[in-house]
Structure formats: C-alpha cells, structure tokens
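# Residue-level structure breakdown
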Amino acid sequence: MLAPTIWQASTFPKRIAEKIAVIHDGIDTNRVRPAAQSRFSLPSGVELDGDDRILTFVARNLEPHRGFHTFMRALPELLSNDSELKVMIVGGEEQGYGPLPESGLSWRETLEAEALAGLPAQQRERVTFLGRLPYQDYLSLLSVSSVHVYLTYPFV
C-alpha cells in the first residue's frame, strides 16, 4: 500500500499504517528549484533573476477553489510592506471548479478590481498576470521565485 504523506499514512489503524510505504507524489525538487543563473523574461522585456524579490502564484484557473481570492486580498498589504516585491500570477481565466462571478467577469477581473484598484500605480505595476505558460517558462519563473504561494480547498 502507498500514501503520499506521512500524515495520510498515519490516519490508518496502526496495523495497516505499518504496511504503508510513503512515497511523495508531489514536486520533483531536483527539477523545480531556485537556480542561481536563472532568468525569466516578462512580456514587457524586463528580465527577472534570483536577486529580485518575486512572489509567485500559479493555478490552472484563477478561482476561489485555488485560493485566488485570498491571495489577491492579501496583495495590498504585501505590496505596501515591501517596496521591492514583484508579484507574478500564472493561470487561466476560464471557469474552473466553481461558477464564475455573477457579474459575468472572470475571477481575475473581479478580484483585480476589488483588491488592486485603490492601490497607487507604482504598487499595481508590480503585479503581473502572465496567463498560462508553457512548461519550460513555468519552470524558469519558479527558478527565480523567492516565495511561491499555493492555496486550495479540499474539494475532490
């Protein structure tokens, strides 16, 4: 028997848990990790590297089930507290696991207007929405990221 985490294996009765091998099924940290010489080029032509203070958020679709609303609502404080912080957001705007907002806008449009509209331009300019990225570009972005945020709800 297999479990992806020690915690999950520990939820079984002891006689069963002792027979479970824990094999992490998550991130290959030999492939997805910071790299000293890495660079990531933004659509604007600006190049980011490991010396930049970069916060990344990635989801297949930018939606509440992936914690996007929580992330966006935290950005004003994060941007106010760190004048060097650059925020890179990766993900599509299609409907995901839940409905789109009643307004008919995407969650990105809705939360961008809610969370970022009142910020000074110099803070808003430090938030970049990259849409979906090819896998190699995604890996390049993560290799220069200082902090990666992953939020979700148990839903499947």
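In this text, all values refer to a predicted model and were calculated from it rather than measured experimentally.

Analysis parameters
Residues numbered from 1 in each chain as written. Predicted model: local features only at pLDDT ≥ 70, side-chain atom pairs only at ≥ 80, totals over all residues. Heavy atoms only, no water. Pairing = 2+ DSSP bridges. Helix = DSSP H or I, 4+ residues; strand = E, 2+ residues; numbered from the N terminus. Axes fitted to C-alpha atoms, helices over the stretch in contact; angles between N-to-C directions. Contact = heavy atoms within 4.5 Å. Salt bridge = Lys/Arg side-chain N within 4 Å of Asp/Glu carboxyl O. Parallel < 35°, antiparallel > 145°, perpendicular 65-115°, else oblique. Left-handed = near helix turned anticlockwise from the far one by under 90°. Buried < 20%, exposed > 50% of the residue type's maximum accessible area, 1.4 Å probe, protein only.

## Quick word on the sheet that holds strand E5 (residues 53-61)
Strands sit in the order E7-E6-E5-E8 across an open sheet of 4 strands; the sheet is parallel. For this open sheet the edge positions go to strand E7 (127-129) and strand E8 (147-149), each flanked by a neighbour on one side alone. Along the sheet, successive strands turn relative to each other by an average axial angle of 20°, direction set aside. With 3 bridges connecting them, E5 and E8 associate as parallel partners. Within E8, the position partnered with phenylalanine 57 by the bridge is valine 149. Relative to the sheet, helix H6 (residues 135-144) contacts E5, strand E6 (85-92) and E8, its axis offset from that of E5 by approximately 145°.

## Considerations on the pattern of salt bridges
As enumerated under the stated definition, the model contains 8 salt bridges in all. Measuring nitrogen to oxygen at the nearest pair gives 2.5 Å for the salt bridge that ties arginine 53 to aspartate 82. Of the two residues, arginine 53 sits in strand E5 while aspartate 82 sits in the loop between helix H3 (68-81) and E6, which places them 29 residues apart along the sequence.

## A closer look at the packing of H3 against helix H4 (residues 107-116)
Contact pair H3 / H4: the axes reach a minimum separation of 9 Å and the direction vectors enclose 25°. With respect to H4, the axis of H3 lies roughly parallel. Relative to H4, H3 is oriented so that their crossing is right-handed. Of the residues in H4, those in contact with Phe68, His69, Met72, Arg73, Leu75 and Pro76 of H3 are Trp107, Arg108, Leu111, Glu112, Glu114, Ala115 and Leu116.

## Overview of the side chain of serine 106
With respect to the secondary-structure elements, serine 106 resides in the loop between E6 and H4. Residue classification places serine 106 among the buried positions, given a relative accessible area of 8%. The contact partners of serine 106, leaving out residues within four places of it in the chain, are Glu93, Leu100 and Pro101.

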